[in-house]
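Report on the structure
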Amino acid sequence: LAVCDDALLLTKLGPGDVFGEMAALTPELRTATVTATEASSLLTLNQADLKLLVGNRSEVAHGIIEVLAGYLRARIADVKELTKQLEEQGVSRDR
């Protein structure tokens with residue numbers, strides 16, 4: 001599965017990976033498009049059922065928190081790398 005924002009490839013997903021959790025948990029519009037790049041079997045869960053599952057099974061809530069924390073860690077690493085690249089190019093940043 002390819003996760004894209006317009007033509008920009010954000011990441012690739014494989015067996016056991018999840019997507020759509022942000023859109024299912026908040027009223028915001030989706031932030032990316034996921035496209036199957038090969039034959040895939042997917043499980044769908046609507047917003048109401050996900051909320052019920054999270055409310056009844058703390059391990060599901062914990063798993064979602066781990067996924068979201070992983071996204072945040074990856075974005076922080078991206079910002080650090082981009083900041084380093086800008087500094088190497090002589091672009092100063094305001095603090």
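Residues numbered from 1 in each chain as written. Predicted model: local features only at pLDDT ≥ 70, side-chain atom pairs only at ≥ 80, totals over all residues. Heavy atoms only, no water.

**Structural notes on the environment of C4**
Note on placement: C4 falls in strand β1 (residues 2-5). With a relative accessible area of 18%, C4 lands in the buried category. For C4 and V60, which are 56 residues apart along the polypeptide, the C-alpha to C-alpha distance reads 26 Å. Not counting residues up to four positions away in its chain, the partners in contact with C4 are L9, L10, A32 and T33. (Helix = DSSP H or I, 4+ residues; strand = E, 2+ residues; numbered from the N terminus. Buried < 20%, exposed > 50% of the residue type's maximum accessible area, 1.4 Å probe, protein only. Contact = heavy atoms within 4.5 Å.)

**A word on the sheet that holds strand β2 (residues 8-12)**
With respect to topology, three strands assemble into an open sheet ordered β2-β1-β3, the strand pairing being antiparallel. Looking at which strands have only one partner, the edges of the open sheet turn out to be β2 and β3 (33-35). Strand-to-strand twist in this sheet, taken as the mean axis angle between neighbours without regard to direction, amounts to 30 degrees. Pairing geometry for β1 and β2, over four bridges, is antiparallel. (Pairing = 2+ DSSP bridges. Axes fitted to C-alpha atoms, helices over the stretch in contact; angles between N-to-C directions.)

**Considerations on a nonpolar patch on the surface**
The grouping of M22, L25 and L68 at the surface amounts to a nonpolar patch, some 210 Å² of accessible area in total. Inspection of the secondary structure assignment puts L25 in helix α1 (residues 21-25). Given the relative accessible area of 31%, L25 is considered partly exposed. (Patch = residues over 30% accessible without salt bridge, like charges linked within 9 Å, V, L, I, M, F, W, Y side chains within 5 Å. Areas by Shrake-Rupley, 256 points an atom, 1.4 Å probe, with all protein chains shown as cover. Salt bridge = Lys/Arg side-chain N within 4 Å of Asp/Glu carboxyl O.)

Everything listed here is a matter of geometry and, on its own, says nothing about what the molecule does.
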